[in-house]
Amino acid sequence: MKTVELVLRVPERYHEFLIAELSDLDFESFAEDNDRLRAYAPATRWNAASREQVEHWLRTRDLPDTFEERIVEDENWNARWEETIRPLAVGRFLIKPTWAEVPPEHADKVLLEIDPKMSFGTGYHESTRLALRFLPGLLDGGEAVLDAGTGTGVLGIAALKLGAASALGFDIDPWASTNATENALLNGVADRFEVREGSLDVVPESGFELVFANINRNVLVDLLPGFAAKLAPHGRLVLAGLLRTDREMMAEAIHQAGLHLYDEATENEWWSAVVKKEA
Ligand code: SAH
């Protein structure tokens with residue numbers, strides 16, 4: 001898929017206005033860099049009429065009505081937003097892209113080097129952070145981990161870095177499995193991390209001591225009985241990708257699947273739970 005990139009050289013105080021207007025033209029991502037605003041939309045949405053519209057908005061604010069525009073392939077577009085990704089401390093971890101330095105104040109953290117590309121799971125989402133914060137309390141070392149909806153592989157990689165014996169990640173997004181494999185290599189855990197494309201049916205194995213599932217409510221409800229079957233008797237399941245408002249409904253689904261709510265946490269409107277098999 002091709003993307004159109006606009007580069008508007010306008011003072012920062014106009015960015016908010018322009019972002020709001022451009023969103024109406026299906027611009028869905030923005031990168032701000034002092035007096036430069038970059039905006040991205042599917043190339044198919046860009047034409048003479050939308051160009052005139054943008055020129056018009058600039059004129060209404062007495063700004064020069066010129067800007068750069070170019071069509072970029074997915075890869076270049078990745079390179080653009082990669083620039084906006086910064087190291088992030090989450091509990092005992094520091095998540096950073098390969099091109100960033102470790103800030104000295106975080107030298108004691110467990111390093112997760114994650115190059116996000118197109119997959120969700122940079123640690124910039126609450127649900128990933130909630131799952132990561134549970135992790136140290138759930139591992140003694142030597143566990144077999146299942147990472148459902150692995151994305152970038154961030155959760156499986158984090159578990160391996162804290163001493164899990166092996167991780168098996170799976171994801172329906174073919175892009176994710178490539179990305180997770182790359183990230184496992186980057187973090188020196190590729191020999192213990194296997195990634196498969198597909199949903200739970202690509203996992204005939206069971207007896208996992210720890211299962212991560214950061215997906216969404218509907219998928220989690222569907223997969224809960226399957227997860228219960230995959231867990232070792234003393235195993236733990238971390239559910240994320242849920243909102244606070246999902247709590248009641250999920251508590252019921254957890255109960256229905258013969259599982260027990262063991263721990264929970266929230267960040268902003270997001271809710272995450274640790275579930276166990278034995279009462
Ligand atoms: N584990 C990462 C990514 C979570 S995003 C993290 O914690 O940050 C959720 C991922 O689940 C996406 O990559 C999506 O492709 C995947 N997914 C959605 N439905 C799925 C399903 N039924 N089976 C497996 N993966 C699924």
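**Student:** Tell me about the pairing of strand E13 (residues 260-267), and name the residues and values.
**Tutor:** As judged from the seven bridges shared by E13 and strand E14 (residues 270-276), these two strands associate in the antiparallel manner. Of the residues in E14, the one forming a bridge with Asp263 is Val274.

**Student:** Quick one: what's the story with the pattern of salt bridges, residue by residue and with numbers?
**Tutor:** Should their charged atoms come close, side chains of opposite charge can pair. In this structure the tally under the stated criterion is 14 salt bridges. Between Glu69 and Arg51 there is a salt bridge, with the nearest N and O atoms lying 2.7 Å from each other. Linking Glu69 in strand E4 (residues 68-72) with Arg51 in helix H2 (residues 48-60), this pair joins segments that are 18 residues apart in sequence. Linking Arg133 and Glu267 is a salt bridge whose minimum nitrogen-to-oxygen distance equals 3.0 Å. A residue pair is termed long-range when its members are at least 10 positions apart, and Arg133 in helix H4 (residues 126-134) and Glu267 in strand E13 qualify at 134 residues. Using a relative accessible area of 16% as the deciding quantity, one classes Glu267 as buried. The network of salt bridges with shared partners includes Glu5, Arg9, Arg38, Glu68 and Arg70.

**Student:** Could you give an account of the sheet that holds strand E7 (residues 110-113), with specific residues and numbers?
**Tutor:** Taking strand neighbours across the sheet as the criterion, the three strands line up as E5-E6-E7 in an open arrangement whose pairing is mixed. Every interior strand has two partners, whereas the edge strands, strand E5 (88-90) and E7, have only one. Adjacent strand axes in the sheet meet at a mean angle of 25° when their direction is disregarded. Sheet analysis places E5 next to strand E6 (residues 93-96), joined by three bridges and oriented antiparallel. Residue pairing for E6: Val90 is matched across the bridge by Phe93. Sheet strands touched by helix H5 (residues 154-161): E6 and E7. Its angle to E7, the strand with the most contacts, is close to 150°.

**Student:** Account for the domain arrangement of the chain, naming residues and giving values.
**Tutor:** When cut into domains, the chain gives domain 1 (3-82) and domain 2 (87-277). One C-alpha centre belongs to domain 1, the other to domain 2, and the line joining them spans 35 Å.

**Student:** Explain the sheet that holds strand E9 (residues 166-171) to me, using residue names and the numbers behind them.
**Tutor:** The seven strands are arranged E10-E9-E8-E11-E12-E14-E13 in an open sheet whose pairing can be described as mixed. With partners counted over all chains shown, the strands left at the sheet margins are strand E10 (193-197) and E13, one partner each. Recorded for the sheet is a direction-independent mean angle of 15° between the axes of neighbouring strands. One ladder, built from four bridges, connects strand E8 (residues 144-148) with strand E11 (residues 208-214); its direction is parallel.

**Student:** Pulling in residues and values, what's your account of the site of the ligand?
**Tutor:** Taken together, 17 residues lie around the ligand, and Thr128, Gly149, Asp171, Ser199 and Asn214 are the ones closest in. Within the side chain of Asp171, a nitrogen or oxygen atom sits 2.6 Å from an oxygen atom of the ligand. Expressed as a share of its isolated accessible area of 570 Å², the protein-covered part of the ligand is 87%. Mapped onto the shell around the ligand, the elements with two or more residues apiece are H5 and E9. Looking at the shell around the ligand, its residues break down into seven nonpolar, eight polar and two charged.

Each value, and the rule that gives it
- Residues numbered from 1 in each chain as written.
- Predicted model: local features only at pLDDT ≥ 70, side-chain atom pairs only at ≥ 80, totals over all residues.
- Heavy atoms only, no water.
- Pairing = 2+ DSSP bridges.
- Helix = DSSP H or I, 4+ residues; strand = E, 2+ residues; numbered from the N terminus.
- Salt bridge = Lys/Arg side-chain N within 4 Å of Asp/Glu carboxyl O.
- Buried < 20%, exposed > 50% of the residue type's maximum accessible area, 1.4 Å probe, protein only.
- Axes fitted to C-alpha atoms, helices over the stretch in contact; angles between N-to-C directions.
- Contact = heavy atoms within 4.5 Å.
- Domains from an automatic or database assignment.
- Near = heavy atom within 4 Å.
- Polar contact = N/O pair within 3.5 Å; in protein donor to acceptor, adjacent residues only side chain to side chain.
- Areas by Shrake-Rupley, 256 points an atom, 1.4 Å probe, with all protein chains shown as cover.
- Nonpolar A, V, L, I, M, F, W, Y, C, P; charged D, E, K, R; others polar.

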